[in-house]
Amino acid sequence: MNDLDRGGRRRFLGRIAASVGALGVAGCDRLSQTEWFPKVLGSAEVLNGHVAKLVTGRKAMAQEFTPADLSPTFRSNGTADPNNPQYAALAANHFNDYALEVSGLVAKPRRFTLAELRALPSRTQITRHDCVEGWSAIGKWQGAKLSAILDDVRPTTAARYVVFHCADPMEQDGTSPYYESIDMDDAYHVQTILAYALNDQPLPIKNGAPIRLRVERQLGYKHAKYVMRLELVDSFAHIGDGKGGYWEDQGYQWYAGV
Ligand SMILES: Nc1nc2c(c(=O)[nH]1)N[C@H]1C(S)=C(S)[C@@H](COP(=O)(O)O)O[C@H]1N2
Ligand SMILES: [Mo]
């Protein structure tokens, strides 16, 4: 565990301790804290949405950092350049022909060019990315607020999730496309952005150009790169293996928030 991981875990422990105290969880004093905490942290329940909701609240902010904290480089993980001819053509023309499609359970389906995305209300944030493979990096992200996009397309009352469809077919299993999904609480969270810049530069291809999701309270694999299309849905049963994301279909937790 590196220092960054330790810091995150300490803060998480602190938040659990505070909420347990506030809620007065029954039966807690029968267990010694040293037994109880490691047991809970080691179990899948920590990644369960209900627990997270109780412990942290869905509006809680992810920690933000200062420029002094920035990692010297922000590494790439997973796909570094999508093996997809349509994507290659967009990249060759510097993404001038790119448009993000927004469809599904919305009153006004439409497309957003990069210029239109850059003109939307934006947010800049310095945050820590945590990959389950055991590395972390701190980067400065700038992007359109997902809430601004949703305010424009107006999800219907049936909409429960935003699905992010990506440009990259995953090499390890042939052709399945990368995709991810988040619920409406995370979609409207102030730190949830479609980032077009990293460390004051246009988002590099290795990090998801032209647009990648930042959903800061969640683990790395939720942060979809190469986002081509948003789909508002009431279920993801019809997408992939129906578990809400490429890695979820291989057994990862859908709710990867802490
Ligand atoms: N489209 C797409 N998004 C993706 C991935 C990917 O392979 N394809 N990898 C995920 C994982 S596991 C991580 S840790 C981050 C890595 O982001 P980075 O390349 O900017 O470091 O992107 C996530 N989003
Ligand atoms: Mo990751």
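Definitions and cut-offs
- Residues numbered from 1 in each chain as written.
- Chains lettered and ligands numbered in written order.
- Predicted model: local features only at pLDDT ≥ 70, side-chain atom pairs only at ≥ 80, totals over all residues.
- Heavy atoms only, no water.
- Near = heavy atom within 4 Å.
- Polar contact = N/O pair within 3.5 Å; in protein donor to acceptor, adjacent residues only side chain to side chain.
- Areas by Shrake-Rupley, 256 points an atom, 1.4 Å probe, with all protein chains shown as cover.
- Helix = DSSP H or I, 4+ residues; strand = E, 2+ residues; numbered from the N terminus.
- Nonpolar A, V, L, I, M, F, W, Y, C, P; charged D, E, K, R; others polar.
- Contact = heavy atoms within 4.5 Å.
- Pairing = 2+ DSSP bridges.
- Axes fitted to C-alpha atoms, helices over the stretch in contact; angles between N-to-C directions.
- Buried < 20%, exposed > 50% of the residue type's maximum accessible area, 1.4 Å probe, protein only.
- Arc of directions from axis to C-beta.

## Quick word on the site of ligand 1
Around ligand 1 lies a shell of 22 residues, among which R75, N77, D168, N207 and K225 are the nearest. Within the backbone of R75, a nitrogen or oxygen atom sits 2.7 Å from an oxygen atom of ligand 1. In this structure, an oxygen atom belonging to ligand 1 sits 2.6 Å away from a side-chain N or O atom of K225. Considered on its own, ligand 1 offers 530 Å² of accessible surface; in the complex 99% of this is hidden by protein. If you list the elements that add at least two residues to the shell around ligand 1, you get strand 3 (122-131) and strand 5 (161-169). Tallied by class, the residues present in the shell around ligand 1 amount to 9 nonpolar, 8 polar and 5 charged.

## Focus: the environment of C131
Take C131: it is sitting in strand 3. Ignoring any residue separated from it by four or fewer positions in sequence, one finds C131 in contact with N77 and G220.

## So, the sheet that holds strand 1 (residues 99-104)
One open sheet accounts for 5 strands, arranged 2-1-10-5-6; its pairing is mixed. Across the chains shown, the open sheet's two edge strands, defined by having one partner strand only, are strand 2 (110-113) and strand 6 (177-183). Ignoring strand direction, the axes of neighbouring strands in this sheet form an average angle of 20 degrees. Where strand 5 lies against strand 10 (residues 227-233), 6 bridges are found, and the strand directions are antiparallel. Residue pairing for strand 10: H165 is matched across the bridge by R229. Sitting on the sheet, helix 6 (residues 146-153) is in contact with strand 1, strand 2, strand 5, strand 6 and strand 10, with an inclination near 140 degrees to strand 2.

## Quick notes on the side chain of D183
Of note, D183 is situated in strand 6. A polar side-chain atom of D183 sits 3.3 Å from the main-chain amide nitrogen of D185. A distance of 3.0 Å separates a polar side-chain atom of D183 from the backbone nitrogen of D186. Contact partners of D183, with chain neighbours within four places excluded, come to R58, R160, Y161 and W254.

## A look at helix 4 (residues 85-92)
Those residues of helix 4 that fall on the buried side of the exposure criterion are Y87, L90 and A91. For helix 4, the angular spread of buried residues about the axis comes to 100 degrees, placing them on one side. Set apart from the buried face of helix 4 by more than 90 degrees, the exposed residues are P85, Q86 and A92. The secondary structure elements touched by the buried residues of helix 4 are strand 5 and strand 10.

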